[in-house]
Amino acid sequence: MILIDTHTHLYLDDYDDDRREVVEAAIKEGVQTMMLPNIDKDTIEPMKRLAKDFPANCFPMMGLHPTSVKEDYELQLAIVEKELEKENYFAVGEIGIDLYWDKTYREQQKDAFRRQLQLAKKHKLPVSIHTRDSFQDVYPIVKEELTDDLKGIFHCFLGNREEAKKIMDIGFLMGIGGVVTFKKAAIAEVVKDIPAKFLVFETDAPFLTPIPYRGKRNQSAYIKYIAEKTATLKAMPIEELAAVTTENATRLFNLKAE
C-alpha cells in the first residue's frame, strides 16, 4: 500500500536528532513521497537540504506561511518569487490566512495570499492553503483568482459540509490529517460525505499527531493511522482509499513527470 504525505515539515529542528531515521521509517511504511511546505525565509535552506538528501522522496514547496506575514512581508514575498524563478518547486505553499493566533496583519495576509495565488498561476503550480479560522476570508479570494491554472489543496480541512461543497465546486482537494482520529472530531462526520476523489492525506508533522500517538511528535510514518480511520468512516477498503488519494496527490503535484 502506497501513501503520500501531502503536507509535512520534516525539515524543522524538531527532527534535528533523527531526521534521516524519521524519513526512512516513513518510506518503510509505504510513505514514499513527502511534500514539504515552506514557512518563511528562515526555513528555505533546511527544507532544500532535506529535499537534496532524499530527492526521490521529499519534494519542496515555496511560499510564505500566513503566521509569518509581518511588517517585512513584502521582502519575504520577494524571496518567494525569486526562489520560484530559479529553483524547481512542486507547489506554492504553505499560503493562506490565519486568524486564530493574531488578527493584526489580516489585510497584509489577504494581500500576501492573493499575490501568491497569482504566482502559482504564473508558474502553473498547485497551492497548499492554510485556513485556520479564516475560510470566510480565504474562499472569496480563491474564487476571484480562479482560472484553469489554479488548483490545489485546502490543507488540514476541518470545515463543515457546506464548506466542503464549496471546495468541491471549484475542483480543489481537501487534506485530511490527524484530527480525524480524535474522539468527537466534527470532521469525522463530514468526511463520510466527501467523495474520495476530493481527498488527500497529510500529517502536518510535527503537529496534529493522530491517535494512538496524540501528544507526541508527529511524523510521516503515522499517515497510515489517518488513512485507516478515514477508510473506516467511509466504509471503504483501505487499499482502495489509499490508491485513490495517492493518485489524487500524484496528479495534483505532477509527480509522474519526475
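The structure presented is a predicted model; accordingly, all values stated were derived computationally and were not measured.

Conventions used here
Residues numbered from 1 in each chain as written. Predicted model: local features only at pLDDT ≥ 70, side-chain atom pairs only at ≥ 80, totals over all residues. Heavy atoms only, no water. Helix = DSSP H or I, 4+ residues; strand = E, 2+ residues; numbered from the N terminus. Rg over C-alpha atoms; globule rule 2.2 N^0.38 Å. Contact = heavy atoms within 4.5 Å. Buried < 20%, exposed > 50% of the residue type's maximum accessible area, 1.4 Å probe, protein only. Polar contact = N/O pair within 3.5 Å; in protein donor to acceptor, adjacent residues only side chain to side chain. Phe/Tyr/Trp six-rings, centres within 6.5 Å; stacked < 30°, edge-to-face > 60°. Lys NZ or Arg CZ within 6 Å of the ring centre and 35° of its normal. Salt bridge = Lys/Arg side-chain N within 4 Å of Asp/Glu carboxyl O. Core = buried A, V, L, I, M, F, W, Y, C linked by side-chain atoms within 4.5 Å. Axes fitted to C-alpha atoms, helices over the stretch in contact; angles between N-to-C directions. Parallel < 35°, antiparallel > 145°, perpendicular 65-115°, else oblique. Nonpolar A, V, L, I, M, F, W, Y, C, P; charged D, E, K, R; others polar. Pairing = 2+ DSSP bridges.

Asker: How do you make sense of the overall build of the chain when you look at a structure like this?
Answerer: Each helix and strand counted, the chain has 9 helices and 8 strands in total. Taking 258 residues into account, the globule formula puts the C-alpha radius of gyration at 18 Å, and the chain, at 17 Å, falls close to it. By its C-alpha atoms, the chain is 45 × 40 × 35 Å across when sized along the principal axes. A sequence separation of at least 24 residues applies to 74% of the contacts in the chain between residues at least 6 apart.

Asker: I'm lost on the side chain of His7 in this one. Help?
Answerer: By the element assignment, His7 lies in the loop between strand S1 (3–5) and helix H1 (19–28). On the basis of relative accessibility, which here comes to 0%, the residue His7 falls in the buried class. Within polar-contact distance, the side chain of His7 engages the side chain of Glu94 at 2.9 Å. Here His155 takes part through its side chain, which lies 3.5 Å from a polar atom of the side chain of His7. Not counting the four nearest positions on each side in its chain, His7 is found in contact with Met35, Pro37, Glu94, Ser128, His155, Glu202, Thr203, Asp204 and Ala205.

Asker: Sorry, what's going on with the packing of aromatic side chains here?
Answerer: Aromatic ring pairs are defined here through the distance separating the ring centres and the angle between the ring planes. Going through the model one piece at a time under the given rule, you end up with 8 aromatic pairs. Each ring, one from Tyr213 and one from Tyr225, has its centre 5.7 Å from the other, and the planes form 65°; the classification is edge-to-face. Taken together, the positions of Tyr213 in the loop between strand S8 (199–201) and helix H8 (223–234) and Tyr225 in helix H8 put the pair 12 residues apart, joining distant regions of the chain. When its relative accessible area of 27% is taken as the criterion, Tyr213 is described as partly exposed. A connected cluster of aromatic rings, assembled from ring pairs, spans Phe135, Tyr139, Phe154 and Phe172. Between the NZ or CZ atom of Arg214 and the centre of the ring of Phe182, over which it lies, the distance is 3.6 Å.

Asker: Is there a simple way to think about the side chain of Thr181 in this case?
Answerer: Of note, Thr181 is situated in the loop between strand S7 (173–176) and helix H7 (186–190). A polar contact is formed between the side chain of Thr181 and the backbone nitrogen of Ile211, at a distance of 2.9 Å. If we skip the residues at most four places from it in the chain, Thr181 touches Pro210, Ile211, Tyr225, Ile226 and Lys229.

Asker: Help me understand the pattern of salt bridges in this model?
Answerer: Opposite charge on two side chains makes pairing possible when the charged atoms of those side chains draw close. What the rule picks out here adds up to 23 salt bridges. The salt bridge involving Lys122 is made with Glu85; its shortest N-O contact spans 3.0 Å. Remark: Glu85 occurs in helix H3 (residues 73–86) and Lys122 occurs in helix H4 (residues 106–123); sequence separation between them is 37 residues. Look at Glu85 and you get partly exposed, because its relative accessible area is 49%. Residue Glu107 is joined to Lys110 by a salt bridge in which the shortest nitrogen-to-oxygen separation is 3.7 Å. Residue Glu107 and its partner Lys110 are both found in helix H4; the two are separated by 3 residues, about one turn of the helix. Looking at Glu107, the relative accessible area reads 51%, which means it is exposed. Taken together, the salt bridges that share partners define one network made up of Glu45, Lys48, Glu83, Lys86 and Glu87.

Asker: Hey, could you run me through the nonpolar core in this one?
Answerer: Side chains that are nonpolar tend, in soluble globular proteins, to be buried together. Ranked by size, the top nonpolar core spans 77 residues in total, and within it Phe113, Val127, Val142, Phe154 and Phe172 carry the most contacts. No other element matches the 6 residues that H8 contributes to this core. Contact partners of Phe113, with chain neighbours within four places excluded, come to Ile95, Gly96, Ile97, Ile129, Val138, Ile141 and Val142.

Asker: Any chance you could explain the packing of H3 against H4 here in plain terms?
Answerer: Axes are the key here: two packed helices are described by the angle between their axes and the distance separating the axes. It is the contact of H3 with H4, at a shortest axis distance of 11 Å, that shows an interaxial angle of 10°. Here H4 runs roughly parallel to H3, going by the angle between their axes. On the side of H3, the interface is formed by Tyr73, Glu74, Leu77, Val80, Glu81, Leu84 and Glu85, while H4 contributes Gln108, Asp111, Ala112, Arg115, Gln116, Leu119, Lys122 and His123. Within the contact of H3 with H4, the residues separate by chemical class into 6 nonpolar, 3 polar and 6 charged.

Asker: Please explain the environment of Met1 as it appears in this structure.
Answerer: Its location among the elements puts Met1 in the segment before S1. In this view, Met1 contacts Glu29, Gly30, Ile238, Glu239 and Ala242; residues no more than four positions away in its chain are not counted.

Asker: Where do I start with the sheet that holds strand S3 (residues 58–60) in this structure?
Answerer: Backbone-to-backbone hydrogen bonds join strands into a sheet, with any given pair of strands oriented parallel or antiparallel. If you trace the 3 strands from one edge of the open sheet to the other, you get S1-S2-S3, paired in parallel fashion. Single-partner strands in this sheet number two, and they are S1 and S3. Each strand of the sheet is rotated relative to its neighbour by a mean of 20°, with strand direction disregarded. As judged from the 3 bridges shared by strand S2 (residues 31–36) and S3, these two strands associate in the parallel manner. Looking at the pairing, Met35 lines up with Phe59 of S3. Set on the sheet, H8 makes contact with S1 and S2; between it and S1 the angle comes to about 115°.

Honestly, that's just the spatial picture; any functional story needs more than this.
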